[in-house]
Each structure stands twice: as C-alpha cells, then as structure tokens.
Amino acid sequence: STSPEAGGAAEVLPSLENVRKNDLVVWLKMNRQQQNLYMSFLQTESVFRALNNTGSALAALSVLKKICDHTDLITNNAANQISTQIKVPSSGDDDSAAGGRDEDQSCKIDFLLQLLPELHSKGHRTLVFSQSRQMLDRVQKAVEGLELAFCRIDGSISSIERRQEEVDRFKRNDEIPVF
C-alpha cells in the first residue's frame, strides 16, 4: 500500500501476505533451584514489608521475576535476604548470587537449549525476546554453545542505523536462525 500523506511522497510498505508466523507460548515449571529461591524469597522481610505497604512491591516483584528467568540474575543483596531462609550456593561472581551449573539455573534456558536445535533442523527461524540484557547475555551464551548463528539487538545499541543493520542482516541471511 502507499501513503502519500507521509510527507507528500508515496511510501511502499512490505507485503506480509506469504509470511507465516507462529507464536509459541509455553508455560514452564521452574526447576528445583528456582522454586527453592522463589519460595524462600517470599518469606523474606522485603516481601513482608511490600505486602504491608511499608516496602517496595515493585522491588520484590523484580526479584521474583529474575528468579523465574535465571537464578544468576538475582543480586547479592537479594541473595543475602534469601540466605537466611536457605543455603544459597555461591558462584564466586560478584554480579551473580545463586551460582551452580547453567542447566540448574533457568528452566527458560533449558527449554531454549532443547527447542532451538529442533526448530533449526526443520528450517525455522526464531525470534527470542527478553526485557533484560542480562537474560539476553545468558540466551546468547546458550545459542553460542549450540553453535548457531544469531543476530542481537538490545538496549546497548542506541544507533537506529546499527539496529537496522542487524535486522537487515537477519532478513537477508537465511543461515542465521536466531534473532
């Protein structure tokens, strides 16, 4: 279609007639480590204060979301609150608090590690979204471990031109199965 109203010039929009898109929504059960951390955090003073309107509910929800994504995403401060409830393994990394093996830390990464090779083997291309650059870092590590080519855009790329280059690279190259 064209839009002459957009600055006086006709703009040609791409056709999506022959493009098939499938959205896959999967409810995943947290693994045991995630469940333990989640339930322990629910018993912390932070959650108690949030429920009684004396603390930050948003901060408590943010910690719970991080636990659901990947246990390595919780901060040392959150881990210290939880450690009074259970023994939290230490990875020795100041940026993460839960430690442990990657496959024990995220049901989402575990699922991707199973799904992506299957989709790739059938010729599918996959878009992976996350609200967190830290989670995208873990997704990237998993994709690299599968030796799959990928493109990535996140909040660290502020240039519109650079973002568009990545989109165009993915669109042009069918050998890149993951964005």
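The rules behind each value
Residues numbered from 1 in each chain as written. Predicted model: local features only at pLDDT ≥ 70, side-chain atom pairs only at ≥ 80, totals over all residues. Heavy atoms only, no water. Helix = DSSP H or I, 4+ residues; strand = E, 2+ residues; numbered from the N terminus. Buried < 20%, exposed > 50% of the residue type's maximum accessible area, 1.4 Å probe, protein only. Polar contact = N/O pair within 3.5 Å; in protein donor to acceptor, adjacent residues only side chain to side chain. Contact = heavy atoms within 4.5 Å. Core = buried A, V, L, I, M, F, W, Y, C linked by side-chain atoms within 4.5 Å. Expected span 1.5 Å × (residues − 1). Axes fitted to C-alpha atoms, helices over the stretch in contact; angles between N-to-C directions. Parallel < 35°, antiparallel > 145°, perpendicular 65-115°, else oblique. Nonpolar A, V, L, I, M, F, W, Y, C, P; charged D, E, K, R; others polar. Phe/Tyr/Trp six-rings, centres within 6.5 Å; stacked < 30°, edge-to-face > 60°. Lys NZ or Arg CZ within 6 Å of the ring centre and 35° of its normal. Salt bridge = Lys/Arg side-chain N within 4 Å of Asp/Glu carboxyl O. pLDDT = per-residue confidence, 0-100.

With respect to the side chain of Arg152
Here comes step 1: Along the polypeptide, Arg152 turns up in the loop between helix 6 (133-145) and helix 7 (160-172).
Here comes step 2: Residue Arg152 is classed as buried on the basis of its relative accessible area of 16%.
Here comes step 3: There is a polar contact of 2.9 Å between the side chain of Arg152 and the side chain of Asp137.
Here comes step 4: Among all residues touching Arg152, those that are not within four sequence positions of it are Arg133, Leu136, Asp137, Gln140, Ile157 and Glu166.

Describing the nonpolar core
Here comes step 1: Within the largest apolar cluster, twelve residues are counted, these being Leu37, Phe41, Val47, Ala50, Ala60, Val63, Leu64, Ile67, Ile74, Ala78, Ala79 and Ile82.
Here comes step 2: Residue contacts for Phe41: discarding those within four places in its chain leaves Ser46, Val47, Ala60, Val63, Leu64, Ile67, Gln81 and Ile82.
Here comes step 3: Grouped together as the second largest cluster of nonpolar side chains are eleven residues, Leu73, Val128, Ala142 and Val178 included.

Let's talk about helix 3 (residues 57-69)
Here comes step 1: Taking 1.5 Å per residue as the helical rise, helix 3 with its 13 residues ought to reach 18 Å, and the 18 Å between its terminal C-alpha atoms agrees with that figure.
Here comes step 2: Three or more residues of helix 3 are buried, namely Ala60, Val63, Leu64, Ile67 and Asp69.
Here comes step 3: In this structure, the buried residues of helix 3 make contact with helix 1 (32-42), helix 2 (45-51), helix 4 (76-83), helix 5 (107-121) and helix 6.

Observations concerning the packing of helix 1 against helix 3
Here comes step 1: At a minimum axis distance of 9 Å, the contact between helix 1 and helix 3 shows a crossing angle of 170°. Relative to helix 3, helix 1 is oriented roughly antiparallel. Residues Gln34, Leu37, Tyr38, Phe41 and Leu42 of helix 1 lie in contact with helix 3, whose contacting residues are Ala60, Val63, Leu64, Ile67, Cys68 and Asp69.
Here comes step 2: Each residue belonging to the contact of helix 1 with helix 3 can be placed in one class, and the counts come to nine nonpolar, one polar and one charged.

Considerations on the packing of aromatic side chains
Here comes step 1: Under the criterion given, the structure shown has one aromatic pair.
Here comes step 2: Here the aromatic rings of Phe170 and Phe179 are separated by 5.2 Å at their centres, their planes lie at 70°, and the arrangement is edge-to-face.
Here comes step 3: By relative accessible area, Phe170 is classed as buried at 10%.
Here comes step 4: Classification of Phe179 as buried rests on a relative accessible area of 17%.
Here comes step 5: The ring of Phe170 is capped by Arg125, whose NZ or CZ atom sits 3.8 Å from the centre of that ring.

Comments concerning the pattern of salt bridges
Here comes step 1: Going through the model one piece at a time under the given rule, you end up with ten salt bridges.
Here comes step 2: A salt bridge links Lys108 to Asp69; its shortest N-O distance comes to 2.5 Å. Here Lys108 is found in helix 5, whereas its partner Asp69 is found in helix 3, with 39 residues between them in sequence.
Here comes step 3: Arg162 is paired through a salt bridge with Glu165; the nearest N and O atoms lie 3.7 Å apart. Taken together, the positions of Arg162 and Glu165, both in helix 7 and three residues apart, correspond to about one turn of that helix.
Here comes step 4: Residue Arg162 is classed as partly exposed on the basis of its relative accessible area, which comes to 35%.
Here comes step 5: Three or more residues are tied together by salt bridges with common partners; here these are Arg162, Glu165, Glu166 and Arg169.

What about the confidence of the model for the chain?
Atom-level detail of predicted coordinates should not be read off regions where pLDDT is low.
Here comes step 1: Summarising the model, the chain shows a mean pLDDT of 82, and 78% of its residues fall at 70 or more.
Here comes step 2: Contacts from residues 1-8, a stretch scored under 50 in pLDDT, to residues over four places away or in other chains number eleven contacts.
Here comes step 3: Here residues 87-101 is a poorly scored stretch, pLDDT under 50, and it has 36 contacts once near neighbours within four places are set aside; other chains count.

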